[in-house]
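# Observations on the model geometry
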Amino acid sequence: MMRQYELVERVRRYNANTDEALLDRAYVYAMRAHGTQKRASGDPYFSHPLEVAAILTDLKLDDATIVAALLHDTIEDTDTTRDEIDGIFGPQIGALVEGLTKIKKLDLVSKQAKQAENLRKLLLAIADDVRVLLVKLADRLHNMRTLKWVPEEKRNRVAQETLDIYAPLAGRMGMHDMREELEDLSFRQLSPEAYESIRSRLQTLKESNGELVAAIERELSEAVAQKGVSAMVKGREKRPYSIWRKMEQKSVAFEQLSDIYGFRILVDTVEECYAALGVVHTKWPLVPGRFKDYISTPKQNDYRSIHTTVVGPGRQRVELQIRTRMMHEVAEYGIAAHAIYKDMGAPTEDVLARDSSAYAWLRRTIELLAEGSSPEEFLEHTKLELFHDQVFCFTPKGRLIILPRRATPIDFAYAVHTGVGDRAVGAKVNGKVSPLVSELQNGDEVEVITAEGQTPPAAWESIVVTGKARAAIRRATRAAVRAQYAGLGKKIVERAVARAGKAFSEEKLTGAVGRLARSSLEDVYAAVGRGEIRPDDVVKALHPEWTGPRPEEKAALKGEGWFELEQGQSLKFKIPGIESNPDPETAIPIRGINRGLPVRFAPNGGAVPGDRIVGILTPGEGITIYPIQSPALQDFEEEPERWLDVRWDVDENDAQRFPVQIVVVATNEPGSLAQIAQVIGERGGNIDNLRMSSRSADFTQMVIDIGVYDLRHLNGIVADLRAREVVSSVERVNG
Ligand code: MN
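Residues numbered from 1 in each chain as written. Predicted model: local features only at pLDDT ≥ 70, side-chain atom pairs only at ≥ 80, totals over all residues. Heavy atoms only, no water.

Scanning the protein from N- to C-terminus turns up 29 helices and 22 strands. Considering the protein as a whole, with its 735 residues, one finds that 50% of them fall into the buried category. Here the analysis covers contacts within the protein between residues at least 6 apart in sequence; of these, 67% occur between residues at least 24 apart. Summing over all exposed atoms, the protein offers an accessible surface of approximately 34,100 Å²; the carbon and sulfur share of this is 49%. (Helix = DSSP H or I, 4+ residues; strand = E, 2+ residues; numbered from the N terminus. Buried < 20%, exposed > 50% of the residue type's maximum accessible area, 1.4 Å probe, protein only. Contact = heavy atoms within 4.5 Å. Areas by Shrake-Rupley, 256 points an atom, 1.4 Å probe, with all protein chains shown as cover.)

Distances from the manganese ion to its protein donors, namely H48 (NE2), H72 (NE2), D73 (OD) and D139 (OD), fall within the range 2.2 to 2.5 Å. Read in sequence order, the donor residues coordinating the manganese ion give the pattern H-x23-H-D-x65-D. Residue H48 is located in helix α3 (residues 47-58), and its partner H72 is located in the loop between α4 (63-71) and α5 (74-77); the two are separated by 24 residues in the primary sequence. Neither residue differs from the other here; H48 and H72 are each classed as buried. (Donors = N, O, S within 2.8 Å, 3.2 Å for Na, K, Ca; no water.)

Attention now moves to the pairing of strand β20 (residues 686-695). Relative to strand β21 (residues 699-708), β20 runs antiparallel, the two sharing eight bridges. Note on β21: the bridge partner recorded for N689 is D705. Once β20 ends, the chain turns through three residues before running back antiparallel as β21. (Pairing = 2+ DSSP bridges.)

Once that is clear, we can look at helix α1 (residues 4-14). If you check which residues of α1 are buried, you get L7, V8, V11 and Y14. Angularly, the buried residues of α1 cover 130° about the axis, an arc narrow enough to put them on a single face. Those residues of α1 that are exposed and angled more than 90 degrees off the buried face are Y5 and R13. (Arc of directions from axis to C-beta.)

Relative to each other, helix α10 (residues 152-172) and helix α11 (residues 176-190) sit at 160°, their axes nearing to 9 Å. Between α10 and α11, the interaxial angle falls into the category roughly antiparallel. Crossing geometry of α10 relative to α11 is assigned as left-handed. Facing R155, N156, A159, Q160, T162, L163, Y166, A167, A170 and G171 of α10, the residues of α11 in contact are H176, M178, R179, L182, E183, S186, Q189 and L190. A class-by-class count of the residues in the contact of α10 with α11 yields eight nonpolar, seven polar and three charged. (Axes fitted to C-alpha atoms, helices over the stretch in contact; angles between N-to-C directions. Parallel < 35°, antiparallel > 145°, perpendicular 65-115°, else oblique. Left-handed = near helix turned anticlockwise from the far one by under 90°. Nonpolar A, V, L, I, M, F, W, Y, C, P; charged D, E, K, R; others polar.)

In this structure, L56, L71, F89, I93 and L122 are the most contacted members of the largest nonpolar core, which totals 61 residues. A total of eight residues in this core trace back to one element, the largest contributor, which is helix α9 (residues 131-145). With near-sequence residues (within four places) excluded, L71 lies in contact with A26, Y29, A30, I85, F89, I93 and V97. The next biggest cluster of nonpolar side chains, apart from the first, holds 38 residues, and it includes L163, I198, I216 and W284. (Core = buried A, V, L, I, M, F, W, Y, C linked by side-chain atoms within 4.5 Å.)

Strand order in this open sheet of three strands is β9-β8-β10, and the pairing throughout is antiparallel. With one partner strand each, in any of the chains shown, β9 (432-434) and β10 (446-450) form the two edges of the open sheet. The average angle at which neighbouring strand axes cross in this sheet is 35°, direction not considered. Here three bridges tie strand β8 (residues 424-429) to β9, and the two strands are oriented antiparallel to one another.

Moving on, we get to the packing of aromatic side chains. What the rule picks out here adds up to seven aromatic pairs. Counting every residue linked through ring pairs, the aromatic cluster contains F187, Y195, Y241 and W244. (Phe/Tyr/Trp six-rings, centres within 6.5 Å; stacked < 30°, edge-to-face > 60°.)

For K60, which is not glycine, the phi torsion reads 60° and is therefore positive. Note that K60 resides in the loop between α3 and α4. Taking relative accessible area as the criterion, K60 reaches 25% and is therefore assigned partly exposed. Backbone geometry at N430 places phi at a positive 50°, although glycine is not the residue there. Tracing the backbone shows N430 in the loop between β8 and β9. With relative accessibility at 48%, the residue N430 sits in the partly exposed group.

Its location among the elements puts D83 in helix α6 (residues 82-89). What makes D83 exposed here is its relative accessible area of 62%. Separated by 11 residues in the primary sequence, D83 and G94 place their C-alpha atoms 7.7 Å from one another.

Attention now moves to the pattern of salt bridges. Two side chains with opposite charge may pair up if their charged atoms get near one another. Overall, the coordinates contain 27 salt bridges when judged by the stated rule. Among the salt bridges present, the one from R239 reaches E180, with a minimum N-O distance of 3.5 Å. One end of the pair, R239, is in the loop between β1 (232-237) and α14 (240-249); the other, E180, is in helix α11, with 59 residues separating them in the sequence. Accessibility expressed as a relative area gives 28% for R239, which makes it partly exposed. Classification of E180 by relative accessible area gives buried; the value is 14%. Beyond isolated ion pairs, a larger network of salt bridges with shared partners links E9, R12 and E20. (Salt bridge = Lys/Arg side-chain N within 4 Å of Asp/Glu carboxyl O.)

Secondary-structure assignment places H543 in the loop between α26 (535-542) and α27 (551-556). A relative accessible area of 9% means that H543 is categorised as buried. Taking the C-alpha atoms as reference points, H543 and F504, 39 residues apart in sequence, are found 9.9 Å from one another. Other than its neighbours up to four places away in sequence, H543 contacts K502, A503 and K508. One polar contact links the side chain of H543 to the main-chain carbonyl oxygen of A503, over a distance of 3.1 Å. (Polar contact = N/O pair within 3.5 Å; in protein donor to acceptor, adjacent residues only side chain to side chain.)

Dropping the structure here:
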């Protein structure tokens with residue numbers, strides 16, 4: 001266990017003005033408070049907060065953060081109170097420790113609604129002081145490093161929570177080292193076999209490549225040095241999880257060195273970055289499509305660097321990052337690095353807040369909370385934004401609009417202004433008319449075409465990726481749906497009053513809305529339209545003496561010109577505003593949707609839960625479900641009225657398989673087919689059909705139909721296949 005003077009020494013190495021007495025007091029206080037408590041490993045409990053503090057000294061953080069780390073478990077696990085900490089260490093540290101105590105019990109992998117609520121609490125606690133997050137991340141890192149001591153049944157849960165929430169949060173705050181270690185530790189726990197297979201392939205690769213990495217390092221530094229730039233060049237093996245992610249997402253052949261090793265060129269100034277880039281591009285051909293300049297347009301989390309890939313020494317593809325040493329610090333430590341270049345006397349919350357766009361992201365997220373979206377909407381929004389990288393687009397006037405990856409021109413329109421989004425009818429991307437559902441790329445210039453009196457189609461909601469667009473579309477859709485229901489309800493009321501042989505007067509009905517427990521005429525109409533109020537009750541509210549329809553009138557009510565959607569009509573899909581009320585007693589009248597409307601998947605397009613989907617209505621035939629990435633959707637671009645916003649409505653307790661098709665290319669060797677079948681089987685996939693589609697001397701291509709539960713399940717199988725030596729590529733058909 002680290003001694004008191006060792007901790008102080010670590011802090012003093014980067015902060016000459018450290019308050020040693022304060023650190024000493026915290027060390028002694030926490031050690032006494034935890035007393036004889038033990039960790040599951042048998043170590044004294046105090047070793048844990050001490051390790052957490054040590055992790056934070058690596059990030060060169062200020063005294064208050066280190067002290068909060070030492071004290072972070074005291075309020076929860078010992079007799080210590082907030083008042084006591086305030087008294088001894090001051091209210092600022094007291095607030096940090098209390099913030100950490102509040103978020104300690106939050107369960108972030110529970111049921112959707114609870115999870116959202118908890119994530120909200122977590123972010124609110126962080127919003128007060130971002131140092132709460134820094135300590136929390138260090139706390140989680142130490143707990144993940146010592147995961148083997150956690151009871152077995154809890155390990156997966158902790159790892160899943162780390163992978164889903166804490167690792168992306170660390171990344172979002174620009175702390176890449178932290179993120180990568182958290183991801184790797186989680187991955188190892190959650191997919192031990194995949195982790196092992198990647199590790200063993202890395203090992204094989206390392207043995208066959210021998211001195212190659214050192215040779216590339218040498219050749220790169222000599223080339224740059226010849227131009228008078230002093231640079232440090234370092235090759236680095238990527239971590240298993242980031243290789244795994246690549247295998248899940250892209251068709252990556254494991255053999256490509258560029259997928260396994262990254263090289264970094266560190267220089268002193270921005271000018272030298274571009275000079276080094278010039279040297280590299282002059283000497284070796286660049287691989288098209290891989291060049292990114294995050295120095296001129298930094299990422300949202302402050303990341304700055306030049307990325308490029310060249311066909312380098314030994315005809316190997318070499319992935320390069322070129323940056324200054326200062327940019328490197330920010331890339332490694334993110335939000336924590338902002339303290340490093342400041343006066344180390346007092347890196348206050350202010351410093352962390354003002355200089356960082358990562359913190360701005362946090363602020364924006366908190367604002368979204370304040371706007372009062374439901375917890376589920378919030379989670380959806382936050383998760384999407386956490387996991388997506390971003391694209392940089394421009395308005396025709398050159399204004400930069402930063403969007404999450406996979407954003408569409410619709411997201412762009414809403415990012416410019418809600419009014420622009422609501423009235424958008426088309427878009428020009430780089431001067432060419434493009435579908436509103438297309439995916440924007442880095443550097444696109446987007447011009448939004450608007451028209452007055454437009455309402456955004458509800459289906460857009462499942463296409464957009466930004467929370468802002470989604471919330472606005474939902475609002476507009478709700479208003480439009482409500483107006484439709486109110487119009488329908490008004491007709492129903494008029495007809496019911498006429499049938500009862502009474503006089504209809506809107507004025508009189510306005511006076512009677514209170515009797516129907518509604519606050520306005522519009523509310524009454526909408527409620528009737530939705531089926532929440534029976535038309536007869538409205539007649540009674542208007543004419544209390546009326547006793548209801550005669551039996552022959554009741555019979556005539558059937559088949560009135562609108563259809564009732566029946567319960568169980570579409571088991572798999574939820575159409576917001578339509579199927580949300582499946583009780584036949586209050587079944588919703590909807591025009592344009594027929595009784596027993598069939599719902600089916602697009603041919604060859606097989607969608608699985610997790611895919612984002614859209615329904616296309618074909619009158620007289622039914623609804624066809626397409627995954628959002630399906631190119632076939634472009635054919636319906638001109639007919640927005642046929643687009644339906646559909647959602648998966650899968651019962652988690654009643655898992656069901658969905659068919660997808662993948663194409664696997666494997667080497668011709670004995671047992672390769674058996675291996676592929678085994679991998680799919682072990683992962684719980686069900687092979688429905690398998691056929692060889694072509695065969696050469698070395699490779700066989702096969703088309704496999706698999707039944708999977710959802711996208712995560714499918715991606716797991718695909719990545720696992722890609723990790724095997726006999727497999728050279730795996731592609732999802734229409735994926
Ligand atoms: Mn702890």
